[in-house]
Amino acid sequence: MIYEPSDDTYLLMDSLPNDTKGMAVLEVGTGSGIIAEEIVKRGAPFVLATDVSFEAALSAKSRGLEVVVADLLSALSDRAVFDLVLFNPPYLPSSPRSNSEAWTGGIGGWELSFKFLAQVKYHIKPNGKILMVLSSLTSERILKACADLGFAFERRACRDFFYESLCVYEFREQRQGIPKLL
Ligand SMILES: C[S@@+](CC[C@H](N)C(=O)[O-])C[C@H]1O[C@@H](n2cnc3c(N)ncnc32)[C@H](O)[C@@H]1O
């Protein structure tokens, strides 16, 4: 299925850099492709989109985007490194009655986001950043694991809804101090 652009889509859209000239950008889970298309409009010379859904990939492709059907970043070589990686992940807990990959992120809802963060650190340039949408329903667990995964994070934008808050977080690789030799 193709995820219809929704509140989370527009929250991420509002957090995009205005100027993406010179940037290599990856959008994971592109859905309709609306966000990756906006990144192209803002000047990025290299934009790659992925989605696990072939149907979604076809939709994104019809916007003129380069799309790969893949599970997260599994299709990328180690040499694929980006200035900016975007992900608006599915984050609801799955259940026998609700298990669409468009909106469920695992049994606890957080597993897919965690897996993404574990993979993306190998595909970020030294000063690159990740913009990711997290829901208050599952963010605590993911943010707690960040230090272990080697990321620092800041909250960029938030919006409150009836039963959750949605926030865009910016993640960067945590700089290690230079070890003292003496
Ligand atoms: C919440 S939707 C976001 C879609 C779009 N980026 C947007 O903001 O409107 C999550 C997207 O992630 C895709 N997805 C789910 N599991 C994935 C995986 N393992 N690898 C890549 N994409 C995945 C879904 O097919 C869906 O298109």
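Our subject is the structure that appears above.
Residues numbered from 1 in each chain as written. Predicted model: local features only at pLDDT ≥ 70, side-chain atom pairs only at ≥ 80, totals over all residues. Heavy atoms only, no water.

### Observations regarding the site of the ligand
Near the ligand you find 18 residues, and of these T9, G29, D51, D71 and L72 are the closest. Within the backbone of G29, a nitrogen or oxygen atom sits 2.8 Å from a nitrogen atom of the ligand. Protein contact buries 97% of the 590 Å² of open area that the ligand shows by itself. Tallied by class, residues from the shell around the ligand come to eight nonpolar, six polar and four charged. (Near = heavy atom within 4 Å. Polar contact = N/O pair within 3.5 Å; in protein donor to acceptor, adjacent residues only side chain to side chain. Areas by Shrake-Rupley, 256 points an atom, 1.4 Å probe, with all protein chains shown as cover. Nonpolar A, V, L, I, M, F, W, Y, C, P; charged D, E, K, R; others polar.)

### Considerations on the sheet that holds strand β6 (residues 151-160)
Overall, mixed pairing links the seven strands, which are arranged β3-β2-β1-β4-β5-β7-β6 in an open sheet. In this open sheet, the two edge strands, each paired with only one partner strand, are β3 (66-69) and β6. Neighbour-to-neighbour, the strand axes of the sheet open up by a mean angle of 20°, direction not taken into account. Here five bridges tie strand β4 (residues 82-87) to strand β5 (residues 124-135), and the two strands are oriented parallel to one another. Opposite F87, over in β5, you have M132 as the bridge partner. (Pairing = 2+ DSSP bridges. Helix = DSSP H or I, 4+ residues; strand = E, 2+ residues; numbered from the N terminus. Axes fitted to C-alpha atoms, helices over the stretch in contact; angles between N-to-C directions.)

### A look at the pairing of β3
Pairing between strand β2 (residues 46-51) and β3: four bridges, direction parallel. Its bridge partner being in β3, A49 is matched across the sheet by V67. Handedness of the crossover joining β2 and β3 through helix α3 (residues 54-61) is recorded here as right-handed. (Right-handed = clockwise from strand over helix to strand, strands pointing away.)

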